[in-house]
Amino acid sequence: MERIKTGVENFDDIINGGLPANSITLVSGPPGSGKSIFCFQFMYEGIKNGEKCLFLTLDKKVDGLLVQAKEIGLDFERAIEQGLAKFLFLNINKKLVYETMTNEILSGDWDRIILDSITPLSEMPICIQDTTIKSDASGFSPDDLPSGQNLPVRRIHLLYIMNALETSNATSLITSELPVGSNMLSRDGISEFLADGVITLNLDQTMDRRKLSVMKMRNTRHTLKPQEIQIGEGGITLKTSMPVSHAKV
Ligand SMILES: Nc1ncnc2c1ncn2[C@@H]1O[C@H](COP(=O)(O)OP(=O)(O)OP(=O)(O)O)[C@@H](O)[C@H]1O
Ligand SMILES: [Mg+2]
């Protein structure tokens, strides 16, 4: 199976060399746990290999993200000029956000796609009409709109997004925001079942430590044990460089 390197130092060693090609991996964690940094590294690694990478952002504006990435030594400016990297802010308050997103995902021939984060989309109310999903609710009374908190509706949102990512043939990362101290794998409680892989990032304030765990990874033998990570120049690094199966006891 083709493996796609994440660019996170020492991490690929514990997942058989990288993420399965064309898979969708959920990266979840509380605020400041390193979700966006993980995504920047994944994108940077793709660009280094000459791959086309798309970064869709729903919470933060592109300029701020580029500054944040540059701060840790990942400069995307040249890649953007060369057309290898594209950062796009999706405004969920705008009509046609779904259409814009899927058009972008399906039309670009992308090798890597990042959606940071999926949480606002999964919580957005939608209108289902003639079996197509439309984000444009104009002309309908509020009674026509299913509640965004309603589980089946959230699942439809997420399936729609996952289907687009799957169809694109890219290898994708989606992030989910977890409340501090939560034991959930995603904010919506569904994404972890739909994704091919789940990586959680955690903060241990008392010990002043950061942890990364692989909770699920399709076609991959991996440890469930939390791995200690650090964030510094270049982004996230796993503290151990030894594949777990080879590690001395
Ligand atoms: N140069 C650096 N050296 C060490 N740690 C850093 C550095 N830059 C950022 N960090 C750490 O990374 C955190 C930000 O990581 P990131 O933005 O990826 O988190 P996130 O999980 O995406 O958060 P959010 O859910 O708020 O978007 C900071 O809060 C800080 O703890
Ligand atoms: Mg973030």
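(A) How the structure looks around unusual backbone geometry. Of note, the bond from D116 into S117 is cis; its omega dihedral lies within 30 degrees of zero at 0 degrees. Structurally, S117 can be placed in the loop between β6 (112–116) and α5 (119–122). Unlike most non-glycine residues, D208 shows phi in positive territory, near 55 degrees.

(B) Region of interest: the sheet that holds strand β3 (residues 24–29). Read across the open sheet, the 9 strands follow the order β5-β4-β6-β9-β3-β10-β11-β12-β13; overall the sheet is mixed. In the strand order of this sheet, the two ends are held by β5 (85–89) and β13 (235–238), each with one partner. Mean inter-strand twist for the sheet, computed between neighbouring axes without regard to direction, equals 25 degrees. Pairing analysis gives 5 bridges linking strand β4 (residues 53–57) to β5, with the strands arranged parallel. By the bridge assignment for β5, L54 is matched with K86. Contacting β3, β4, β5, β6, β9 (171–177), β10 (197–204), β12 (227–232) and β13, helix α1 (residues 35–48) runs over the sheet at an angle of about 165 degrees to β6. Taken strand by strand, helix α2 (residues 62–71) contacts β4 and β5, and its axis lies near 135 degrees from that of β5.

(C) Region of the structure containing the nonpolar core. Of all hydrophobic cores here, the largest spans 56 residues; its most connected members are C39, M43, F55, I113 and I114. Per element, the largest residue contribution to this core is 8 residues, and it comes from α1. With residues near it in sequence (within four places) discarded, I114 still touches C39, F42, M43, L54, F55, L56 and L173.

(D) Structural detail: the site of ligand 1. In the vicinity of ligand 1 lie 13 residues, with P31, G32, K35, S36 and I37 positioned nearest. Elements with a contribution of two residues or more to the shell around ligand 1: α1 and β12. Looking at the shell around ligand 1 element by element, the count peaks at 3 residues for α1. Across the shell around ligand 1, the residue classes break down as 4 nonpolar, 6 polar and 3 charged.

Thresholds applied
Residues numbered from 1 in each chain as written. Chains lettered and ligands numbered in written order. Predicted model: local features only at pLDDT ≥ 70, side-chain atom pairs only at ≥ 80, totals over all residues. Helix = DSSP H or I, 4+ residues; strand = E, 2+ residues; numbered from the N terminus. Pairing = 2+ DSSP bridges. Axes fitted to C-alpha atoms, helices over the stretch in contact; angles between N-to-C directions. Contact = placed C-beta atoms within 7 Å. Core = buried A, V, L, I, M, F, W, Y, C linked by C-beta atoms within 7 Å. Buried ≥ 20, exposed ≤ 12 C-beta atoms within 10 Å, placed from the backbone. Near = placed C-beta within 6 Å. Nonpolar A, V, L, I, M, F, W, Y, C, P; charged D, E, K, R; others polar.

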